[in-house]
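Tertiary structure, described
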Amino acid sequence: MLPVRSKGLWSETLAMPDTLASPRPAAPPAQNALVPRRMHDSYCEIMLPFASDPTLLERYTNASGGIRTGLLMEHLDSLAGSIAYKHMLGPDVAVLPKNVGFYMVTASVDRLDMLASLYPVRDMRLSGQVIHTGRSSLEIAVRMEALERNGAEQTIMLGRFCMVCRDARTHGSAPVNPLNLDSPEDHILYTIGEVHKQKRQSRADRSLNRVPPTSAEASSLHSLYLKYGQDENGSLSPSPDHERVWMGDTRLEKTLIMFPQERNVHRKIFGGYLMRLAYELGFANSCLFTRNHVTFLSLDGIAFARPVPIGSLLRLTSYIVHSSSSENYPALVHVWVHADVVNLETGAEQRTNDFRFTWCIEKGPPLKRMVVPKTYGEAMQWLEGRRALEMGSEIRKLRKP
């Protein structure tokens, strides 16, 4: 697997020119040729022998003796970056060369869905490959599998990353190598990637930042208002069945210094590290809201708007935007986490990332706490959260054995 995190000394890096900001030589002929690649040419995997290596397990163990999911997400982002470079540079490349004329960045993470429990602790394999290409983008499918001692394998998580290629000199979009589909399986995977691309565009067109809610959504929102949203300035006594919690009161945040130890090969903060920070903040907020331990169900989307500079102050802010119960889960909570870089001179904040997660409680009584929006903007977030929970439910039904 190609390393996408910098292993050099930061003191040496400071003495070097900023190669991403400085002019670079033209791309080598191999990049200009855009040689078609086979899907399996980009295949990469990471082995994590938790069951057979207690020392490794200790580095990943959480308080309950399980595996820290946020650290696994960090690995998945590294894996996706390595797959993208392997697709562009060829299957035999072992080290990321300098001055290749382009660089790869994570544009978004469409989904990561948990299909089975991480318990009991077993050896894990993280793998993936490119399944679809656009003009300057790649869709990468990743999988997390548990390996039993008897040789059996169980899929634990499936997900999709969207990577884009950038010209190293202009930082504009750069073309990627097309795919050569040489098997029926390749054609099926490519078609799946094409469907995902169309669905991404459809979701963008239906976003509540662009269009008003549907009549059914407006009706649901009005029903919520009638039941929980009145008496804004007062204090409604909690009913025996539900307790109202204003969305703004679920805010939980933390501010961190971005140190160079968490940098990638492009001298920016590694995206997988940001995923882990957002996951852990969202998990903490979900536990506080439900007043219980929660289980991760899905990452419903990540948007990477711009890179996070080394040495910057990063503010992570989370909200519970939707809460409900279902036939399968007594509690479901959808959490948004926003990442903003703070300008020290002006105090202004610039959005860098948006993260969306879903957690659940698997057993127990139905959740009594109900998150309620107070403003129109919060109401749109509530509806987006509802859409995410509905989509996650449909995906789990399709993948249910």
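Now for a quick tour of the structure. Here the residue numbering is sequential within each chain, running from 1 through the sequence in written order. Whole-chain, interface and lining totals are the exception, using all residues; otherwise, since this is a predicted model, local features are given only for residues with pLDDT of at least 70 and side-chain atom pairs are given and counted only at 80 or more. Excluded from the side-chain calculations are hydrogens and water; all other atoms, namely the structure's heavy atoms, are used.

**Here's the deal with the overall build of the chain**
Counting its secondary structure elements, the chain contains eight helices and 14 strands. Pairs of residues are marked as contacts when any of their non-hydrogen atoms sit within 4.5 Å. Considering only contacts within the chain whose residues lie at least 6 apart along the sequence, 76% involve residues at least 24 apart. The protein chains shown are the only cover counted for residues, whose accessible areas, like all others here, come from Shrake-Rupley with a 1.4 Å probe. A total accessible area of about 19,700 Å² is found for the chain, and carbon and sulfur atoms account for 54% of it. Going along the chain from the N terminus, every DSSP run of H or I of four or more residues is numbered as a helix, and every run of E of two or more is numbered as a strand.

**Examining the sheet that holds strand β5 (residues 137–147)**
One open sheet holds the ten strands; their spatial order is β2-β4-β5-β6-β3-β10-β13-β12-β11-β9, and the pairing between them is antiparallel. With partners counted over all chains shown, the strands left at the sheet margins are β2 (44–48) and β9 (252–257), one partner each. The sheet shows a mean angle of 20° between the axes of neighbouring strands, taken without regard to direction. A pair of strands is treated as paired once DSSP finds two or more bridges between them. Note that β2 and strand β4 (residues 123–133) share five bridges and pair antiparallel. Its bridge partner being in β4, M47 is matched across the sheet by R125. Each of β2, β3 (102–114), β4, β5, β6 (153–167), β10 (295–304) and β13 (349–361) touches helix α4 (residues 69–89); the most contacted strand, β4, lies at about 40° to it. Throughout, an axis means a line fitted to C-alpha atoms (over the contacting stretch in the case of helices), and angles, computed between N-to-C directions, take values from 0 to 180 degrees.

**Overview of the environment of P212**
Position of P212 among the secondary structure elements: in the loop between α5 (184–206) and α6 (215–229). Once the C-alpha coordinates of P212 and M380 are considered, the two residues, 168 residues apart in sequence, prove to be 9.0 Å apart.

**What to know about the packing of aromatic side chains**
Pairing of aromatic side chains here covers Phe, Tyr and the six-membered ring of Trp, requires ring centres within 6.5 Å, and sorts the geometry by plane angle: under 30 degrees stacked, over 60 edge-to-face, intermediate tilted. The full count for this structure, using the stated rule, is nine aromatic pairs. Look at Y279 and W359: their rings are 5.3 Å apart centre to centre, the planes differ by 50°, and that puts the pair in the tilted class. Residue Y279 is located in helix α7 (residues 271–290), and its partner W359 is located in strand β13; the two are separated by 80 residues in the primary sequence. Only protein chains enter the area calculation, which uses a 1.4 Å probe; residues under 20% of their type maximum are buried, those over 50% are exposed, and those in between are partly exposed. The buried category is assigned to Y279, whose relative accessible area is 8%. Among the aromatic residues, those joined into a ring-pair cluster are Y279, F283, F296, F355, F357 and W359. One residue, R369, lies across the ring of F289, its end atom 5.3 Å from the ring centre. A ring is scored as having a charge over it whenever the NZ atom of a lysine or the CZ atom of an arginine sits within 6 Å of its centre and within 35 degrees of its normal. Over the ring of W246 we find K374; its NZ or CZ atom is 4.6 Å from the centre of that ring.

**Details of the pattern of salt bridges**
A pairing counts as a salt bridge when a side-chain nitrogen of Lys or Arg comes within 4 Å of a carboxyl oxygen of Asp or Glu. Evaluated as defined, the whole model comprises 24 salt bridges. Put simply, E280 and R68 hold a salt bridge, and the shortest N to O gap is 2.9 Å. On the criterion of sequence distance, the pair formed by E280 in helix α7 and R68 in the loop between α3 (54–60) and α4 is long-range, its members being 212 residues apart. With relative accessibility at 26%, the residue E280 sits in the partly exposed group. Between E148 and R122 there is a salt bridge whose closest N-O contact spans 2.9 Å. You can see E148 sitting in the loop between β5 and β6 and its partner R122 sitting in the loop between β3 and β4, a full 26 residues away along the chain. Bridged by salt links that share partners, the residues R68, E74, R276 and E280 form one connected network.

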